[in-house]
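# Chain and residue survey
Each chain, letter by letter, is given below.
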Amino acid sequence: MIGDRHEPPRGTRATHSEGSEPLPSEGLDSLFEALIQTSVDAIALLDPEGRFLYVNAAFCESLGYERDALLGMSVPDINPDLTQDDLRVSFERLRLAGDVKYETRHRRRDGSLFPVEVNSNYLTLGGREFRCSFMRDISDRRRAECALQDSQRFLAELIDSLPDALFAIDADGVVTVWNRTLEELSGIPRERLLGRGDRAHALAFYGKRRPMLVDLVLGSSDAGIEHYDFVHRDGDRILAEVHDLSVFGREGVYLWAKAVALRDRDGHATGALEIIRDITEQKDAEQALMSSEARLRSLVSNTPVVIFEFDGEGIFRLVEGRGLDSLGLKPGNMVGTAFVDCFGSGPDFDDAKRRALAGERARFTATLGARVFETHLNPVDAPGAGPISVIGVAVDITERTRREAELQQRTDELTRFTYTVSHDLKSPLVTIRTFLGFLEEDMRLQDAERVAKDLEFIRNAADRMTRLLDELLELSRIGRVINAPTDFSLQDVVRDALDLVAGRIVSKGVRVRVSDSPVTIRGDRQRLVEVFQNLFDNAVKFMADQSEPRIAVEAERLDEEWIFSVIDNGIGIDPRHIHKVFGLFEQLNAEAEGTGIGLTLVKRIVEVHGGRIWVESPGIGHGSRFRFTLPEAYGSD
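Not measured: the values here are computed from a predicted model.

A tally of helices and strands in the protein chain yields 20 helices and 24 strands. Considering the protein chain as a whole, with its 637 residues, one finds that 36% of them fall into the buried category. In the protein chain, the proportion of contacts linking residues at least 24 apart, taken out of those at least 6 apart, comes to 48%. When the accessible surface of the protein chain is totalled, it reaches about 37,600 Å², and 51% of it is carbon and sulfur.

So, on to the side chain of Thr 375. With respect to the helices, strands and loops of the structure, Thr 375 is situated in strand E15 (residues 371–382). In this structure Thr 375 comes out as buried when scored by relative accessible area, which is 0%. Among all residues touching Thr 375, those that are not within four sequence positions of it are Phe 308, Phe 343, Ala 362, Arg 363, Phe 364, Val 393 and Ala 394.

Here we come to the sheet that holds strand E5 (residues 128–137). Two orientations exist for strands paired in a sheet by backbone hydrogen bonds: parallel and antiparallel. The strand order across the open sheet built from five strands is E2-E1-E5-E4-E3, with neighbouring strands paired in antiparallel fashion. At either end of the open sheet lies a strand with only one pairing partner, and these are strand E2 (52–55) and strand E3 (99–107). Neighbour-to-neighbour, the strand axes of the sheet open up by a mean angle of 30°, direction not taken into account. Strand direction decides the pairing type here: strand E1 (residues 42–46) and E2, joined by three bridges, are antiparallel. Of the residues in E2, the one forming a bridge with Leu 45 is Tyr 54. Helix-sheet contacts for helix H5 (residues 84–97) involve E3, strand E4 (113–125) and E5, and the interaxial angle to E5 is about 100°. Sheet contacts for helix H6 (residues 139–161): E3, E4 and E5; angle to E4, the most-contacted strand, approximately 130°.

What follows covers the pattern of salt bridges. Throughout the structure, instances matching the rule amount to 47 salt bridges. With a shortest N-O distance of 3.5 Å, Glu 399 and Arg 403 are connected by a salt bridge. Of the two residues, Glu 399 and Arg 403 are both situated in helix H14 (residues 398–424); the distance of four residues between them amounts to about one turn of the helix. The shortest N-O distance in the salt bridge between Asp 574 and Arg 576 comes to 2.7 Å.

Conventions adopted
All residue numbers refer to position in the chain's written sequence, counted from 1. Under the rules for a predicted model, residues below a pLDDT of 70 receive no local features and side-chain atom pairs below 80 are neither given nor counted, while totals for whole chains, interfaces and linings still include all residues. Think of the side-chain values as coming from all heavy atoms in the structure, minus any hydrogens and water. Counting from the N terminus, the helices are the DSSP runs of H or I reaching at least four residues and the strands are the DSSP runs of E reaching at least two. Relative accessibility under 20% of the residue-type maximum defines a buried residue, over 50% an exposed one, and the middle range a partly exposed one, all with a 1.4 Å probe and only protein chains included. Note on contacts: a residue pair qualifies if any of its non-hydrogen atoms lie within 4.5 Å across the two residues. Only the protein chains shown count as cover for residues, and the accessible areas themselves come from Shrake-Rupley with a 1.4 Å probe. Note on pairing: two strands pair once DSSP finds at least 2 bridges between them. The axes are straight lines fitted to the C-alpha atoms, using for helices just the contacting stretch, and the angles between their N-to-C directions are given from 0 to 180°. Any carboxyl oxygen of Asp or Glu within 4 Å of a side-chain nitrogen of Lys or Arg constitutes a salt bridge here.

Written out as structure tokens, the structure reads:
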């Protein structure tokens, strides 16, 4: 294949079986050529400088080149990781070692890269040196390795996500797994345990190297089983419980544990794993349950409320609790009397009693003498029979009612204070004070042009402060000044809002599309008009130079609530700043007009209506979608 001489590789010779005719030299050449050309591995013969002298069909196919093109190329042309200097160094190593094996990357004609495994051999022929390389595409192997790594990572994450503590040892007792729950339970990081043997796992638990279930499931004896209170063995599995332990620095701990032997496909034990669950709370709950009835009766008798039960006729079966003291009554005194005799009659009381006897929970407030009680009624159902009685709890809220009245009084005072502060803020501020000084100086100099500019600054500052104060006052009224709720359609409230911003929408050439979904909204119509007005105003304000500005109003039903959306194709919002959008005085664009209160007003109004609001935007240049819910919105069929 090189020159006119063909010899078998060093250390080999052509042989033939006894009685067979040896192939002539030309036959051997053809046979070797056919073997090389039909090889599934890529084969190339190179000179010491890395130039290709011979390549087989598999090599050409792997790279997408014709043979003649490759014979004019060198290794750096197909290997982005090797330079000419690297080749000289690697050839020197190959000369010394005779053969080398390594992994690298090859670049196809189309520029794509793929991993290869290269086996290179040093050859001499006719006094010349050569590098003979056998290359194999290992893309599948790499993918398999990645898949294996992903599988191992998934298994490790799964083990770490288990709520139970878990660890494992190999057949020699060396710790191989120590999950996150066990780290938290023991306070010992896995790095201190992994790779350690000599029952290091037991030392972490009990402070001494004693047998644990993993050791028992791998061992042939039951030595150490006496440490457990309950043990059940089922082949390669052992279940156990132990209590009154001192583990992890805690006393009186109850543990449940399960150990399983791990075996290979031939059935040989390769290790064992143990799952440990702290059941201290469960055991404590069982102990608590045993005495719950006595404690409950004591609680009923001594709790500072009135606990009662009456039947379907409204006759008391039980009346207990220390709350009776404030009424001058004793437990049991009212048994056999009518519920109405105690709590009286009235619309709220009659409705609560009716609902409770119909199987609903109910609540009402009753004034008994000088005391105020908040009373909760809960039906008691008999299987298949419906409510048979009602359990009630009457909580004395006299003190709470008094404090609520005081809190309301303080709230009113705070509201008045807010008004006062708002009006005080209308006094001259820094800007006005500064330009008044300039105005005096400019008037003294009789500089009419500068006087006009000073006055403009003062006027603008005063106007902005007035707008700010007006909007602060408007913000303070939300939730305090409430208009009577009415029913109206989505289209009606949107139409009202569009009328208020029609000038800006027309001047900007904005196209508005409104959903025709038949949605009825119940709420403060004036406030909800403000919601859409501010959202429309905000959308128009940040349209920038959009050639086809658009706003859409949509409504969609999701589960049990309606979601309303105002969508624009304006400048959008940087996702990093979305959390600031509804903040008071927040303006993401410092050059934009306004006070930064509009969206705060929107959020307050929506929340007062029991809804929630948020904004979505893919980012700058991709528009925004303001979405909010209103609980009292209903679709029409």
